[in-house]
Amino acid sequence: MIAAPTTATATYLGAATVLLHIGDVALLTDPALDAPEVPQEFRVPGTAMRIPLQRRWPAALPNGGLPHLDAVLLSHDQHADNFDTAGRLLASRADLVLTTPSGAARLGGNARPLVTWQSWVIERGSTRVRVTATPARHGPEEMGGLAGDVTGFVVEAEGLDRALYISGDTVLCDELAEVGRRFVVGPALLHLGRARFEATGATTFSLSAGDGSTLADLVGATAVLPVHYEDWGHFTETREEADRALRAAGTPTVWMTPGRAVDLRFLGLVRREPGNRSSA
Ligand SMILES: [Zn+2]
């Protein structure tokens, strides 16, 4: 029988990698787990150009390691800071990888494409979770397909009033407001870092903290949990700077300690009590 999950936690592993436990369902976002010594690069599509990427410190695995994963939620497969060699191996062992249509075509195997607003239902034990793909744009429109396709996600669980929002690598764009119109959002994992590269100057490929505050307001998030900041060389906004901007905007923010579980129910992902629907 499907029941409201009595637990809902997020454990930050670094980069954009987060282990989510919602009732009996285990999900992992953007697995990037290679050691910093492993050389990484971004091959610019349609050119011979390669941009080296440098991880600053290793991922933090939770005590006891990772559980069997019901699904990997992969915002995009083409960038090493979201998906690397160790992440690929891990994803291949998960029941399912949910990602962009172009990414699913590249990955094959257990990868399933989700077009924007398409959903996938995952059931395990007494928990039923619905994952929906949300819009994301990995850079300014005039840069076209330079950074490639990316998706965000909304994770809803039967019996929970609010949904968890995962932005994916995106810049602020009008389409994101639709997330707030379609879902009652609780906590939001936002990919910050203000990603920039020498070759593209001041062009930004992920959210700054200021953009993150605006996005949190747009979707009606109850709290922001920053991910995708500081651990890679191309993330140009420090945690300190980001924290200042989020505070200045009055955005409720929870900085997750890598390797430690954060209880999402206290951040607005509350359990629905019979006859008490307004408590959310
Ligand atoms: Zn990316």
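Relevant structure appears above.
So, how was this worked out
Residues numbered from 1 in each chain as written. Predicted model: local features only at pLDDT ≥ 70, side-chain atom pairs only at ≥ 80, totals over all residues. Helix = DSSP H or I, 4+ residues; strand = E, 2+ residues; numbered from the N terminus. Rg over C-alpha atoms; globule rule 2.2 N^0.38 Å. Buried ≥ 20, exposed ≤ 12 C-beta atoms within 10 Å, placed from the backbone. Contact = placed C-beta atoms within 7 Å. Pairing = 2+ DSSP bridges. Axes fitted to C-alpha atoms, helices over the stretch in contact; angles between N-to-C directions.

### Digging into the overall build of the chain
Next up, step 1: The number of helices and strands found in the chain is five helices and 15 strands.
Next up, step 2: In summary, the chain has a C-alpha radius of gyration of 18 Å against a globular reference of 19 Å for 280 residues, a match within 12%.
Next up, step 3: By principal-axis analysis of the C-alpha atoms, the chain measures approximately 60 × 45 × 35 Å.
Next up, step 4: When each of the 280 residues of the chain is scored for burial, the buried share is 48%.
Next up, step 5: Put simply, 64% of the contacts in the chain that link residues at least 6 apart link residues at least 24 apart.

### Topic: the sheet that holds strand 14 (residues 223-227)
Picture the strands of a sheet paired through backbone hydrogen bonds; they go either parallel or antiparallel.
Next up, step 1: The mixed open sheet is built from six strands, whose spatial order is 9-10-11-12-13-14. The sheet is open, and its two borders are formed by strand 9 (119-124) and strand 14, each paired with just one other strand. Pairwise comparison of adjacent strand axes, ignoring direction, gives a mean angle of 20 degrees for this sheet.
Next up, step 2: The pairing of strand 11 (residues 152-157) with strand 12 (residues 163-166) spans three bridges and is antiparallel. What sits directly across from Val154, in strand 12, is Tyr165.
Next up, step 3: Running at roughly 155 degrees to strand 13 (residues 185-191), helix 4 (residues 209-219) makes contact with strand 12, strand 13 and strand 14 of the sheet.

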